[in-house]
Amino acid sequence: MEFIRNCWYVIAWDHEIPHGGLFTRTVLGQPIVLLRTAAGEVIALEDRCPHRGAPLSKGRREGDAVRCGYHGIMIDAASGQCIEVPGMARAPDRLCVRRYPVAVQRHWVFVWMGDDAKADKALLPDNFSSAHPDYHYLPGYLHYDTSVDLICDNLLDFTHLSYVHEKTLGGSTAIALARPQIEPVVNGMPGLRVTRHVADVPPPPYYRRMRSFPGNVNRWFIYDFVLPGTLLMHSGGRPVEDAPGDESRTVRLHSCQSVTPETATTTHYFFQQALQGESDPQIVQGIFDSLITAFNEDRDMITAQARNLEREPGRALAPLHFDAALMQFRKLWAQALAAERNDSIPS
Ligand code: FES
Ligand SMILES: [Fe+2]
């Protein structure tokens, strides 16, 4: 599987990167070591010692440098340059590791895996609800033993809420019956805006963790799904019987989710679901627990699907109207890959 490189990938939640320590995670098949300097800057380096290839993350911090745990050469974090070789007066210049551009935005740490000169922070997704006084959330992470494309497919078709998440986020077959509107996203990274309204349905099981509802609700899901694989969604529900202008029992959520290929066959999944105007820690925890249950439901289904697809890779599938958004997104992905290939051909 070929990946787009000129884009920001979420590599970690900021709390995962220790003060004074080292943290490693693999992105697009490349092990990367992350650290926080004394001044607080997050730095990402290739997690491979230039001497004999040992992971630098198995070494130790010495100030803002990393000492390899194998034979002890020292790498300066800011430059990626080797600054000390035990027993040598001067470290050879050729000993260095790649430093990747990093952006930290509202608790997500991003790395840029492509051409450094193109690393533009204006292309970061707007994960505003991860740091907004009116929203409350908990940070989540899951690891997938499947390729990233199957997870993108799942996030681009909410038909599955009615079936995979019947007892958690769904609660009604009406979600599968509602036809979404699909439009291009106009700003930032290419993507799709998917809008789905579902009228007069029972409140889903996880809403009932927040409060009781007298009857049915009107629900909505409005999200942007942008390259390389980030979902930014407003969703909610409002009791059908509430008078116009009465927002007292309306549920408003904003979710940020991002999938990052670890390798061609494994994926990192970062997520949160923020509640607007609800700070009760028990309720925030309850919603988070529902989300974890639901995302495990997704992972079980997608992993089982992946194992089946691997068994017969050439066998045809049967596209249906549900697949409109995911087919369009795969086209955007292919276009971005083709553009990168053209860019890298010397003129
Ligand atoms: S492998 Fe790092 S110093 Fe030898
Ligand atoms: Fe799901």
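Note that residues are indexed from 1 along each chain, following the sequence as it is written. Numbering of ligands from 1 and lettering of chains from A proceed in the order in which they are written. Only residues with pLDDT of at least 70 are given local features in this predicted model, and only at 80 or more are side-chain atom pairs given and counted; all residues enter the totals for whole chains, interfaces and linings. Side-chain figures throughout are based on the complete set of non-hydrogen atoms in the structure, without hydrogens or water.

## With respect to the state of the cysteines
By definition, disulfides here are pairs of cysteine sulfur atoms that lie within 2.5 Å. This structure, assessed with the given rule, holds zero disulfides. Free cysteine: cysteine 96, not disulfide-bonded; nearest cysteine sulfur from cysteine 82 at 9.2 Å.

## Examining the sheet that holds strand 11 (residues 108–112)
Reading across the sheet, the three strands line up as 1-11-10 and stay open at both edges, with antiparallel pairing between neighbours. In this open sheet, the two strands that pair with only one neighbour each are strand 1 (8–13) and strand 10 (102–105). Sheet twist, expressed as the average angle between the axes of neighbouring strands with direction ignored, equals 30 degrees. Any two strands with at least two DSSP-identified bridges between them are counted as paired. Under the DSSP-based scheme used, a helix requires at least four consecutive residues in state H or I and a strand at least two consecutive residues in state E, with every element numbered from the N terminus. To obtain each axis, a line is fitted to C-alpha atoms, and for helices this fit is confined to the stretch in contact; angles are then taken between N-to-C directions over 0 to 180 degrees.

## Brief notes about the coordination of the iron ion (ligand 2)
Because water is not among the atoms used, a metal site may look incomplete, as its donors are only the N, O and S atoms within 2.8 Å, or 3.2 Å for Na, K and Ca. Protein-derived ligands of the iron ion (ligand 2) are His160 (NE2), His165 (NE2), Asp298 (OD) and Asp298 (OD), with the metal-ligand distances lying across 2.1 to 2.3 Å. Because the angles between the four donor atoms bound to the iron ion (ligand 2) fall within 58 to 143 degrees, the donor set is best described as irregular. Going along the chain, you hit the donors of the iron ion (ligand 2) in the pattern H-x4-H-x132-D. In this pair, histidine 165 is assigned in the loop between helix 1 (148–155) and helix 2 (174–177) and aspartate 298 in helix 3 (residues 281–311), connecting sequence segments 133 residues apart. The pair formed by histidine 165 and aspartate 298 is uniform in burial state, with each residue classed as buried. Angular criteria define each label, namely tetrahedral for four donors with all angles between 85 and 135 degrees, square planar for four and octahedral for six donors with opposite donors over 155 degrees apart and remaining angles between 65 and 115, and irregular for whatever fails these tests. Only protein chains enter the accessibility calculation, which uses a 1.4 Å probe. A residue is then buried if its area is under 20% of the maximum for its type, exposed if over 50%, and partly exposed in between.

## Looking at the packing of helix 1 against helix 4 (residues 324–343)
In contact at an axis separation of 9 Å, helix 1 and helix 4 are set at 135 degrees when each is read in the N-to-C sense. With respect to their mutual orientation, helix 1 and helix 4 come out oblique. Like other packed secondary-structure pairs, helix 1 and helix 4 cross with a definite hand, here right-handed. Across the interface between the two elements, Val148, Asp149, Leu150, Cys152 and Asp153 from helix 1 touch Leu326, Phe329, Arg330 and Trp333 from helix 4. Of the residues in the contact of helix 1 with helix 4, the class split is six nonpolar, no polar and three charged. Under this scheme an angle from 65 to 115 degrees is roughly perpendicular, one under 35 degrees roughly parallel, and one over 145 degrees roughly antiparallel; angles in between are oblique. Two helices crossing with the near one rotated counterclockwise from the far one by less than a right angle form a left-handed crossing, whereas a clockwise rotation gives a right-handed crossing. Contacts are assigned to residue pairs with any non-hydrogen atoms lying within 4.5 Å of each other. For this classification, Asp, Glu, Lys and Arg are treated as charged, while Ala, Val, Leu, Ile, Met, Phe, Trp, Tyr, Cys and Pro are nonpolar and the rest, including Gly, are polar.

## Quick word on the pattern of salt bridges
Any Lys or Arg side-chain nitrogen found within 4 Å of a carboxyl oxygen on Asp or Glu counts as a salt bridge. Per the stated rule, a full pass over the model turns up 22 salt bridges. In this structure, the salt-bridge partner of aspartate 126 is arginine 106, at a minimum N-O distance of 3.3 Å. Residue aspartate 126 is found in the loop between strand 11 and strand 12 (135–136), and its partner arginine 106 is found in the loop between strand 10 and strand 11; the two are separated by 20 residues along the sequence. We classify aspartate 126 as partly exposed; its relative accessible area is 44%. Judged by relative accessible area, which is 31%, arginine 106 ranks as partly exposed. As a salt-bridge pair, aspartate 153 and arginine 330 come within 2.7 Å of each other at their nearest N and O atoms. Here arginine 330 lies in helix 4 and aspartate 153 lies in helix 1, a separation of 177 residues in the sequence.

## Some points on unusual backbone geometry
Most peptide bonds take the trans configuration, and most residues that are not glycine carry a negative phi. A cis amide bond links leucine 227 to the next residue, proline 228, at an omega of 0 degrees. Topologically, proline 228 is positioned in the loop between strand 16 (217–226) and strand 17 (230–239). A positive phi angle, near 45 degrees, is found at arginine 106, a position not held by glycine. Notably, aspartate 200 is not glycine yet its phi reads approximately 55 degrees, a positive angle.

## As for the nonpolar core
The nonpolar core is taken to be a set of buried Ala, Val, Leu, Ile, Met, Phe, Trp, Tyr and Cys residues, with the residues joined through side-chain atoms within 4.5 Å. Tyr9, Ile32, Leu34, Val111 and Phe329 are the most contacted members of the largest nonpolar core, which has 71 residues in total. Of all the elements, helix 3 adds the most residues to this core, at eight residues. Look past the residues within four positions of isoleucine 32 in its chain and what remains in contact with it is Ile11, Phe23, Thr24, Arg25, Val27, Ala44, Leu45, Asp47, Tyr100, Val111 and Met113.

## Section: the sheet that holds strand 8 (residues 82–84)
With respect to topology, four strands assemble into an open sheet ordered 5-6-7-8, the strand pairing being antiparallel. At either end of the open sheet lies a strand with only one pairing partner, and these are strand 5 (60–62) and strand 8. Ignoring strand direction, the axes of neighbouring strands in this sheet form an average angle of 40 degrees. As paired elements, strand 7 (residues 74–76) and strand 8 share two bridges and run antiparallel to each other. Paired with isoleucine 75 across the two strands is cysteine 82, which belongs to strand 8.

## Comments concerning helix 4
Any helix carries an expected span of 1.5 Å times its number of residues minus one. Counted at 1.5 Å a residue, the expected span for helix 4 with its 20 residues is 28 Å, and the 29 Å between its end C-alpha atoms agrees. Residues of helix 4 that are buried include every one of Ala325, Leu326, Phe329, Leu332, Trp333, Ala336, Leu337 and Glu340, and no others. All buried residues of helix 4 project into a common sector of 135 degrees when viewed along the axis, lining one side. Exposed side chains of helix 4 directed beyond 90 degrees from the buried face belong to Lys331 and Asn342. The inward-facing, buried residues of helix 4 abut helix 1, strand 14 (181–184), strand 15 (191–201) and strand 16. An arc is given here, and it is the one of the directions from the helix axis to the C-beta atoms.

## Observations concerning the pairing of strand 17
The element strand 17 is largely enclosed, with a buried count of nine among its ten residues. Linkage of strand 16 to strand 17, two consecutive antiparallel strands, is achieved through a turn of three residues.

## Observations concerning the environment of cysteine 7
With respect to the helices and strands, cysteine 7 occurs in the segment before strand 1. Residue classification places cysteine 7 among the buried residues on the basis of a relative accessible area of 1%. Counting along the chain gives 182 residues from cysteine 7 to methionine 189, while the straight-line C-alpha distance between them is 8.4 Å. The contacts of cysteine 7, once residues within four sequence positions are left out, are Val111, Trp112, Met113, Met189 and Pro228.

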